[in-house]
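# Examining the three-dimensional arrangement
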Amino acid sequence: MKTIKDVNFKGKRVLVRVDFNVPFDKQGNISDDTRIQEALPTINKLTGDGASVILMAHLGRPKKGGFEAEFSLKPVAEYLSKLLNQEVVFTQSLLGEEVKSLCQNLKEGQVMLLENIRFYPEETKGDKDFAKQLADLGDAYVNDAFGAAHREHASTATIAQYFPENKYFGLLMQNEVENLNRLMNNHEKPFTAVIGGSKISSKIGILESLLNIADNLVIGGGMRYTFYKALGHTVGNSLCEDDKIDTANSLMKKAQEKGVKLYLPEDSIVADDFSEKANTQYIPSMDIPEGWEGMDIGEKSVKTYTDVVLNSKTILWNGPMGVFEMKRFADGTNAIAKAVAEATQKGAFSAIGGGDSVSAIKESGYADKVSYISTGGGAMLEFLEGKTLPGIKAIED
Ligand code: ADP
Ligand code: MG
């Protein structure tokens, strides 16, 4: 793997694609700076070498094809200046003479952030000319944006071809790829995958892929009700994708053929409304009464799932067990977080990924007790589905 780790970049101008797609609160402050924090090791390594660093990033999904104040990266540049304790050079434009000369005049150790790269529609089209113009700004290219690695965009993939000898994985990207490779290709057994979340339709790819590697497939979240229905149970008002009942059946059949143990929750906490204030009851079976909807797994499932997780050597977790955003329905999710942390303590390798799953493990207080948390939601899922990610391929080619 070609990473920046073993190279000295002194005196070089290094173009780095980072993932600064951070959320903002109503006051316009960055509400979660994880992605910026995660990029610091790469930035610090390069500036420490004596390189100047030109950062490329996107924010949100601008549609107009030009500057839009709400998607400006200016607040991120200001925030980064504070974190790095030095002024980050920021420009409103990406291309043109002004930017070129700013780049050329950067001193060793200086950092510059280009404005939201998606203000140019050429970015998402993977446009070659646009990528070439960006490439002209630097001597080397580093991709550290794992969260965008499943996109074949100008700054994440196309640009790499203009650096045949000088393209590298950043430290965050390297960490992601190494951990995910370990998970997929070089893991200790038993391997347990805990998959939850809302919809079976968004997880078919990963479920299919996991049937080839996991020993245990533990299902939770809203997607379980499609399995229940496939087994002939009633689901009440629970989330259920009727057009995926065949998929559920086929997944269960394949699991049996491949000797993968597939677990479905034996019990549910149900509510008479999708709300924090709803009436609730415990259902000790897979039959959900009419007028009620499943919101969390129950205590029997928690017990079974905890045992499975504690007896595993490798654990992948994607997708909460219940509607964890509502405190009353977060118990199942928190119990799994605790079990994964305990298994890790006992020596298991544990990986967590997915936007909501990462928030859930953070809220549970166990985030620092697992082996690895992926920064990429969609990118991680695609990697685990066995797909080739354009951002990774572009560096490896
Ligand atoms: P991730 O982002 O980690 O990949 P998903 O996006 O697949 O996870 O799923 C997360 C969502 O699933 C959460 O918003 C959660 O409320 C929802 N969810 C979990 N259990 C249920 C359920 N029983 N009914 C409806 N939604 C659920
Ligand atoms: Mg999600």
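The coordinates are above.
Predicted model only: the values in this text are computed from it and were never measured.

Turning to the overall build of the chain, a few remarks are in order. A count of helical and extended segments in the chain gives 14 helices and 15 strands. Taken over C-alpha atoms, the radius of gyration comes to 23 Å for the chain, in line with the 21 Å a tight globule of 397 residues would show. Here the chain holds 397 residues, and 55% of them are scored as buried. In the chain, once contacts between residues fewer than 6 apart in sequence are set aside, the share between residues at least 24 apart is 73%. Of the roughly 17100 Å² that the chain leaves accessible, carbon and sulfur atoms contribute 46%. Computed over 45 positive and 55 negative side-chain charges, the inter-centroid distance for the chain is 3 Å.

Below, the discussion takes up the sheet that holds strand β12 (residues 293-297). Strand order in this open sheet of 3 strands is β11-β10-β12, and the pairing throughout is antiparallel. The open sheet is flanked by β11 (280-283) and β12, the only strands paired with a single partner. Sheet twist, expressed as the average angle between the axes of neighbouring strands with direction ignored, equals 35°. Two elements, strand β10 (residues 268-271) and β11, share 4 bridges in a ladder whose sense is antiparallel. For Val-270, the partnering residue across the bridge sits in β11 and is Gln-281.

Here is what the cut-offs are and how they apply
Residues numbered from 1 in each chain as written. Chains lettered and ligands numbered in written order. Predicted model: local features only at pLDDT ≥ 70, side-chain atom pairs only at ≥ 80, totals over all residues. Heavy atoms only, no water. Helix = DSSP H or I, 4+ residues; strand = E, 2+ residues; numbered from the N terminus. Rg over C-alpha atoms; globule rule 2.2 N^0.38 Å. Buried < 20%, exposed > 50% of the residue type's maximum accessible area, 1.4 Å probe, protein only. Contact = heavy atoms within 4.5 Å. Areas by Shrake-Rupley, 256 points an atom, 1.4 Å probe, with all protein chains shown as cover. Lys, Arg positive; Asp, Glu negative; His and termini not counted. Charge placed at Lys NZ, Arg CZ, Asp CG, Glu CD. Pairing = 2+ DSSP bridges. Axes fitted to C-alpha atoms, helices over the stretch in contact; angles between N-to-C directions.

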